[in-house]
Amino acid sequence: MHVIASFNHSIYLELAITALEEAGIPKEHIYAVSLQGRPIKPKMFDSIYGSDGVSLFDAGVALATAFAVIGSSYGFILKGGAILWGLIGAIIGFTIGLMIDIAHKKKKANRTSRGKKTEVIVLVTCAKEEAKQIQTVFWEHHAIGVASCD
């Protein structure tokens, strides 16, 4: 029988493996594999086939609306008229919002790629009677998920 668990890379993983060894599971029956992180950098712009849920359009539209209102309000007293200054305000607001979103996304991508630790998968080969005890040890040591199979 096999018991499989997923852990974050932490001291709890080491404690779980030590607890299994103290419970009588031989080292040869415990396999721990660290997953590799994503090798490519995340893309800046989404495609039609996939999205990461972060939009570069939101702040641009919000600032375009705000600057268009301000521009058209002041356009009544400036030369060129309210419509022209409203359009100029919308373009300036959208550009500023787009730059803010791009800078924020780059900063967030750098922060998450630096500090992101991968998960570790632990596979234990055991007798059917020991499976429940091993699952309990994994849950006590903060496993992300546990499964067993024959």
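Residues numbered from 1 in each chain as written. Predicted model: local features only at pLDDT ≥ 70, side-chain atom pairs only at ≥ 80, totals over all residues. Heavy atoms only, no water.

So, about the overall build of the protein chain. Scanning the protein chain from N- to C-terminus turns up four helices and four strands. The 150 residues of the protein chain split such that 22% are buried. Within the protein chain, residue pairs in contact and separated by at least 24 positions form 78% of the contacts whose partners lie at least 6 positions apart. Total accessible area on the protein chain is roughly 10600 Å²; 64% of this is exposed by carbon and sulfur atoms. (Helix = DSSP H or I, 4+ residues; strand = E, 2+ residues; numbered from the N terminus. Buried < 20%, exposed > 50% of the residue type's maximum accessible area, 1.4 Å probe, protein only. Contact = heavy atoms within 4.5 Å. Areas by Shrake-Rupley, 256 points an atom, 1.4 Å probe, with all protein chains shown as cover.)

We now examine helix H2 (residues 58–75). For H2, with 18 residues, the first-to-last C-alpha span of 25 Å sits near the 26 Å given by 1.5 Å per residue. Those residues of H2 that fall on the buried side of the exposure criterion are Gly60, Ala64, Gly71 and Gly75. Angularly, the buried residues of H2 cover 40° about the axis, an arc narrow enough to put them on a single face. (Expected span 1.5 Å × (residues − 1). Arc of directions from axis to C-beta.)

Reading across the sheet, the four strands line up as S2-S3-S1-S4 and stay open at both edges, with antiparallel pairing between neighbours. Two strands close off the open sheet at either side, each with one partner strand: strand S2 (30–34) and strand S4 (145–149). Across this sheet, the average inter-strand angle for adjacent strands is 15°, counted without regard to direction. Note: strand S1 (residues 2–8) against S4, five bridges, orientation antiparallel. Looking across to S4, one finds that Ile4 is bridged to Ala147. (Pairing = 2+ DSSP bridges. Axes fitted to C-alpha atoms, helices over the stretch in contact; angles between N-to-C directions.)

Another aspect to go through is the environment of Asp58. Along the chain, the position of Asp58 falls in helix H2. Once the C-alpha coordinates of Asp58 and Gly97 are considered, the two residues, 39 residues apart in sequence, prove to be 7.8 Å apart.

As a further point, take the packing of aromatic side chains. For any pair of aromatic rings, the description consists of the separation of the ring centres together with the inter-plane angle of the planes. This structure, assessed with the given rule, holds one aromatic pair. Between Phe7 and Phe138, the aromatic rings sit 5.6 Å apart at their centres with planes inclined by 75°, giving edge-to-face as the arrangement. Pair noted here: Phe7 is in strand S1 and Phe138 is in helix H4 (residues 131–140), with a separation of 131 residues, a long-range link. When sorted by exposure, Phe7 lands in the same class as Phe138, which is buried. (Phe/Tyr/Trp six-rings, centres within 6.5 Å; stacked < 30°, edge-to-face > 60°.)

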